[in-house]
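# Commentary on secondary and tertiary structure
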Protein chains: 2
Amino acid sequence: MAKLTIRDIAALAGLSKSTVSLVLNNSPRVDPATRRHVLAVIRRHNYVPSFAATALAKGSTRLIGMIVPGLSWHMIASINLGVAALTERTGFDIILYTATNDRDYGPVIDRILTSSMSSGLLVVTDKQPLDPLVQLHRDGMPVVLVNTLGTQVDLPSVTSDNYEGALAAVGHLLDLGHERIACVQGMMEYRCCQDRYRGYLDALRAAGIQPDPELTKPGEFNPETVRVQSRDLFELPKRQRPTAVFAHSDSTAYAVLKAAADAGLRVPQDVSVIGFDDIESASQINPPLSTIRQPFFDMGRQAADLLLGAIRAADDGEPAQETGEPARLSMPTSLVVRASTGPVPVSNPRRGRPRATAPA
Amino acid sequence: MAKLTIRDIAALAGLSKSTVSLVLNNSPRVDPATRRHVLAVIRRHNYVPSFAATALAKGSTRLIGMIVPGLSWHMIASINLGVAALTERTGFDIILYTATNDRDYGPVIDRILTSSMSSGLLVVTDKQPLDPLVQLHRDGMPVVLVNTLGTQVDLPSVTSDNYEGALAAVGHLLDLGHERIACVQGMMEYRCCQDRYRGYLDALRAAGIQPDPELTKPGEFNPETVRVQSRDLFELPKRQRPTAVFAHSDSTAYAVLKAAADAGLRVPQDVSVIGFDDIESASQINPPLSTIRQPFFDMGRQAADLLLGAIRAADDGEPAQETGEPARLSMPTSLVVRASTGPVPVSNPRRGRPRATAPA
DNA sequence: CTGAAAGCGCTTACAG
DNA sequence: CTGAAAGCGCTTACAG
């Protein structure tokens, strides 16, 4: 069965290609009866216009490129679901570029993306260099970032509100009576981690607690590092030891949990732990992890919405960079309370005197 | 900067479009010097041929469609990575169709895929109906299944060896001295679960142990169900209680772990637990989960390889269904021993008599 | 080894 | 409201 072309349909319908094309494109100036007839023929023969021919004639593919980091992260899947939810009813499809770690962004970007393959670009930021994207955007290509790691850049983007999230996490701990709250940081070169840390600090101060520098530890999103740092935290003398820890990611929280178990500490009886992200397994592990949920699905959907808007604008011939400031959406996070956080332990009566610190 | 076309390059190089096109397509019958010159011009002006025009003229897009279930599963990400590893050096790109739960496969398939948008289809099987795919394949469209759930069908596919995997899992438990080994099943309508169960049964029998029907429980890949079923298992009188459980997925294992904790059982001292899949968090939770690793990355790569081969064959005008039997690859799994499995507990001396079962 | 011409399957002014 | 024609940017026989 050779593929049908518009010419075949035209012949079958006893009309010209033009007319068929007009109904295909929903032109208002075609007789309703004619339209119905053509539609019927199309349906009966299961005709689908050639994608390539349409793209060439119209000068625009209905494809959006999505660049994702080559990591098997939960968030990618959720973001993608959000994007798909929107694109699937606009007739756009997604072409997926996976940025494998050992491959440069740069070449991919100007090779594939200049080939007018995609009408727009959705980029899930990793730590990749963003300059080629900025350039592309300046040249008129619609681009939006889904900014999970939060490098700051002059491009439209959607992030989640990391600062508010941290405020909520620490607030939750404070509500439970904790005062010695540790923070195990992610990669502090990322904007998101800076924001989370700022939230931690501000929440503490707002509660009248002076943050203890000894209680903040670098974790770098590296399980091994986190383990070691947490061990140090848990080996602190009882009165200095934190009763709760705020981890910059769920994965980090997992490592903290393991360190706690190694130290013989029960969660949440001896120490509370809260994460950030709400990855899939967070609710399934033991104990189920309290965390700050990032709205990945919604972030994906919003990003797609922004992008589709920009594409439409571009199609209508609007100049690039029309609006001065690129849109920057920040989506609200939410606190998910599960079993890894609990009331501060009733402090044991002091035994003996507190160990004297050097008296001088 | 308007996009350059092949005509511009031809003018710039002082040659005809034909010649430029020939070098673009690596034709051998073009003068080496000319070729170098054209290439230089192309590079200097950063020219990239229009994707749509090429596709139309050649009659084939260099796009493969990848259909994935709308689930945020670890495996999808890994499979995709494997596919990308292969496609990125063949010049093919991936167009991603996410089968959202509330949307039918059927329409997607014949709408988009007949539009000659993709040269081939890679389908990560969920529980979706496969008939439209079989039809498509019969009509000459290259299709391959990455069969993670394992419905059996008459299409080329790559799976992992679930039977061997189960054998390894139970073998590991047996080696540790366990004899009362429970099995918490997934969805038994799936081929993969049937295979895993068969492996469980056979491993036991090979060791001279008669499987106890009371120790196999339906879990249906539903955490709540698994929890309840596991509780029943753990509430069994001590002598009947399993000392180890083989779960049909890691996620299932998580729920078993939680049930064990609820029952006051320590893992692995009181009960060993092994999963299946090796999802990302399996190594991070507490205790780290012993499991059977499915080679998702390799499965993706193999599937892509199979598909690309089929596409090449189709381009060379081979008739569909040339070879009688569709290729069916089964990839080996591997045992990953972590901390959730350990030696069988030394059986406590019996206290009192065993509870008499109805004597009749 | 290189070029002129037709064609891939659509869309879009332009006539009528 | 409908049709004939040109054009989108390539490729591919066919001449030379």
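Along every chain, residues carry numbers that run from 1 in the direction the sequence is written. Written order decides the labels, with chains lettered from A and ligands numbered from 1. pLDDT decides what is reported in this predicted model: residues at 70 or higher carry local features, side-chain atom pairs at 80 or more are listed and counted, and totals for whole chains, interfaces and linings draw on all residues regardless. Side-chain metrics in this entry use all non-hydrogen atoms of the structure; hydrogen atoms and water are not considered.

Looking up chain A in an unreviewed UniProt entry gives the name LacI family transcriptional regulator, with the organism given as Rugosimonospora africana.

### Observations regarding the protein's contact with DNA strand D
We call a residue near a molecule or strand when any one of its heavy atoms sits within 4 Å of it. If you check the shell around DNA strand D, you find 24 residues, and the closest are Ser 18, Thr 19 and Thr 34 of chain A together with Ile 6 and Ser 21 of chain B. By atom count, sugar and phosphate contribute 60% of the portion of DNA strand D lying within 4 Å of the protein. Interatomic distance of 3.0 Å between a backbone N/O atom of Ser 16 of chain A and a phosphate oxygen of DNA strand D. Going along the chain from the N terminus, every DSSP run of H or I of four or more residues is numbered as a helix, and every run of E of two or more is numbered as a strand. Looking at the surface near DNA strand D, the elements with two or more residues in it are helix H2 (17–24) and helix H4 (51–58) of chain A together with helix H2 (17–24) and helix H4 (51–58) of chain B. For the surface near DNA strand D, the leading source of residues is H4 of chain B, giving four residues. Amino acids outside the nonpolar list (Ala, Val, Leu, Ile, Met, Phe, Trp, Tyr, Cys, Pro) and the charged list (Asp, Glu, Lys, Arg) are all regarded as polar, and Gly is one of them. Here the residues of the surface near DNA strand D are counted per class, giving nine nonpolar, 10 polar and five charged. We define a polar contact as two N or O atoms separated by no more than 3.5 Å, with the added condition that, inside protein, one atom must be a possible hydrogen donor and the other a possible acceptor, whereas residues neighbouring each other in sequence contribute only through side-chain atom pairs.

### Brief notes about the interface of chain B and chain A
In this complex, chain B contributes 50 residues to the contact, which on the side of chain A involves 50 residues. A quick way to say it: buried area is the sum, across both parts, of accessible area lost when two parts are put together, with a 1.4 Å probe. Taken together, the two surfaces of chain B and chain A that pack against each other cover about 4,300 Å², and 59% of this comes from carbon and sulfur. Salt bridge, as used here, is a side-chain nitrogen of Lys or Arg placed within 4 Å of a carboxyl oxygen of Asp or Glu. Where chain B meets chain A, there are zero salt bridges. For the pair chain B and chain A, the number of links is nine residue pairs in polar contact (both at pLDDT 80 or more). Among the residues forming the side of chain B that touches chain A, the class breakdown is 24 nonpolar, 17 polar and nine charged. A pair of strands is considered paired only if DSSP assigns at least 2 bridges between the two. For strand S2 (residues 93–99) of chain A and strand S2 (residues 93–99) of chain B, the ladder comprises three bridges, and the chain directions are antiparallel. In the sheet register, Ile 95 of chain A faces S2 of chain B, and the bridge partner there is Ile 95 of chain B. Only heavy atoms enter the contact rule, under which two residues are in contact if any of them lie within 4.5 Å.

### Here we look at the relation of the copies chain B and chain A
Here the copies were fitted onto each other by least squares, based on C-alpha atoms from residues at pLDDT of at least 70 in both. Note on the copies: chain B fits chain A at an RMSD of 0.1 Å, the axial shift is 0.0 Å, and the rotation between them is 180°. Taken together, the turn and the small shift mark the pair as related by a two-fold rotation axis. Taking C-alpha positions as the reference, the residue of chain B nearest the rotation axis is Ile 95 of chain B, at 2.1 Å. Of the residues that chain B buries at the interface, 100% are likewise interface residues in chain A, meaning the two copies contact each other through the same surface.

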